[in-house]
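Listed below, chain by chain, are the residues.
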Amino acid sequence: MNPTPLIQTTIAFVKEKLADAEGGHDWFHIERVYKNALLIAKDEDCDITVVQLGALLHDIADSKFHDGDETVGPKTARAFLEREHVSEPTIQHVIHIIENISFKGGNFQKKFHSKELEIVQDADRLDALGAIGIARCFNYGGFKNRALYNPDIPPKLEMSKEEYKNSASPTLNHFYEKLLLLKDKMNTPTGKKLAEARHHYMEHFLAQFYAEWDGAQ
């Protein structure tokens, strides 16, 4: 699919905005989510323009890098889309996707539902799974100077949104607090199928990690 002028302009905008972003939330993350979204959308009845814009703008200002402020992303996206004279219904739909896409500890109740949100959410979650998910997880842990693993600090499986946002536990805990939970939270048939394989890859990685940690291999 050749991108429309609006999508081309959006890609250029996102590349510029995320030029100095952390490696797990940079333009290449957006590009992978965009490609995942297009793949999933092929089998769904959806507004492809909303899917593309939602995928491209979903992390335009991730709250993790803005002192937890969840309003920056929607405001940045709206300002851009208004400059591009995008219709108000499309803008509102994209904003709803940005506001409702995140995991947020797994206890967040979406206030908006649409097929387009389901597609973009699955696409984003796929990038937190498998080999890429593992790489992103440890990259962010390094960015935050967190321990790789500490057997004395168990994962916390029941966290509020605020606890999840402020957690500083070892990187490996994140697999249990989020990544391994995503497979069962996928929305679409394509998303579920792809998540299954990536989930198993992470399970094999963890088994190998613990074996090496304990000196068994």
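Concerning the pattern of salt bridges
As enumerated under the stated definition, the model contains seven salt bridges in all. With its nearest N and O atoms 2.9 Å apart, the salt bridge here joins Glu-88 to Arg-78. Of this pair, Glu-88 sits in helix α5 (residues 88-100) while Arg-78 sits in helix α4 (residues 72-83), and the two are 10 residues apart along the sequence. Judged by its relative accessible area of 33%, Glu-88 is partly exposed. Residue classification places Arg-78 among the partly exposed residues on the basis of a relative accessible area of 26%. One salt-bridge network, held together by shared partners, links Arg-32, Asp-127 and Arg-136.

Brief notes about helix α10 (residues 189-213)
Taking 1.5 Å as the rise per residue, α10 with 25 residues should run 36 Å; its terminal C-alpha atoms sit 36 Å apart, in good agreement. Regarding α10, the residues found buried are Thr-190, Gly-191, Ala-195, His-199, Met-202, Leu-206, Phe-209 and Ala-211. Against the buried residues of α10 lie α2 (27-41), α6 (115-126), α7 (130-143) and α9 (173-177).

Concerning α2
Over its 15 residues, α2 extends 21 Å from the first C-alpha to the last, a length consistent with the 21 Å expected when each residue adds 1.5 Å. If you check which residues of α2 are buried, you get Trp-27, His-29, Ile-30, Val-33, Tyr-34, Asn-36, Ala-37, Ile-40 and Ala-41. In the core, the buried residues of α2 are packed alongside α1 (5-17), α3 (48-57), α6, α7 and α10.

What to know about the environment of Ile-48
With respect to the helices and strands, Ile-48 occurs in helix α3. Residues in contact with Ile-48, not counting those within four places in the same chain, are Met-1, Leu-38 and Ala-41.

Description of the packing of aromatic side chains
With the rule as written, the count across this model stands at 11 aromatic pairs. On the basis of an interplanar angle of 10 degrees and a centroid distance of 4.3 Å, the ring pair of Phe-13 and Phe-80 is categorised as stacked. Of this pair, Phe-13 sits in helix α1 while Phe-80 sits in helix α4, and the two are 67 residues apart along the sequence. Looking at Phe-80, the relative accessible area reads 2%, which means it is buried. Three or more aromatic residues joined by ring pairs make a cluster, and in this case those are Phe-138, Tyr-149, Phe-175, Phe-205, Phe-209, Tyr-210 and Trp-213.

Comments concerning unusual backbone geometry
Located in the positive-phi region is His-85, a residue other than glycine, with phi close to 60 degrees. Among the secondary structure elements, His-85 is positioned in the loop between α4 and α5. One non-glycine residue, Asn-145, adopts positive backbone phi at about 55 degrees. Inspection of the secondary structure assignment puts Asn-145 in the loop between α7 and α8 (161-166).

Details of the confidence of the model for the chain
The share of residues in the chain with pLDDT of 70 or more is 90%, and the mean pLDDT across the chain is 90. Ranking the elements of the chain by mean pLDDT puts α8 last with 66 and α3 first with 98.

Comments concerning the nonpolar core
Generally speaking, nonpolar side chains in soluble globular proteins are found buried as a group. Membership of the largest hydrophobic core comes to 52 residues, with the highest contact counts inside it found for Val-14, Leu-56, Leu-57, Leu-81 and Phe-175. When residues of this core are traced back to their parent elements, those giving at least two are α1, α2, α3, α4, α5, α6, α7 and α10. A total of seven residues in this core trace back to one element, the largest contributor, which is α2. For Leu-57, the residues in contact, after removing those within four places along its chain, are Thr-10, Phe-13, Val-14, Ala-77, Phe-80, Leu-81, Val-94 and Ile-98.

Things to note about the side chain of His-29
Tracing the chain through its elements places His-29 in helix α2. The exposure class assigned to His-29 is buried, which follows from its relative accessible area of 0%. A polar contact is formed between the side chain of His-29 and the side chain of Asp-59, at a distance of 3.2 Å. Ignoring any residue separated from it by four or fewer positions in sequence, one finds His-29 in contact with Gly-24, His-58, Asp-59, Asp-124, Asp-127 and Arg-136.

Rules of the game
- Residues numbered from 1 in each chain as written.
- Predicted model: local features only at pLDDT ≥ 70, side-chain atom pairs only at ≥ 80, totals over all residues.
- Heavy atoms only, no water.
- Salt bridge = Lys/Arg side-chain N within 4 Å of Asp/Glu carboxyl O.
- Helix = DSSP H or I, 4+ residues; strand = E, 2+ residues; numbered from the N terminus.
- Buried < 20%, exposed > 50% of the residue type's maximum accessible area, 1.4 Å probe, protein only.
- Expected span 1.5 Å × (residues − 1).
- Contact = heavy atoms within 4.5 Å.
- Phe/Tyr/Trp six-rings, centres within 6.5 Å; stacked < 30°, edge-to-face > 60°.
- pLDDT = per-residue confidence, 0-100.
- Core = buried A, V, L, I, M, F, W, Y, C linked by side-chain atoms within 4.5 Å.
- Polar contact = N/O pair within 3.5 Å; in protein donor to acceptor, adjacent residues only side chain to side chain.

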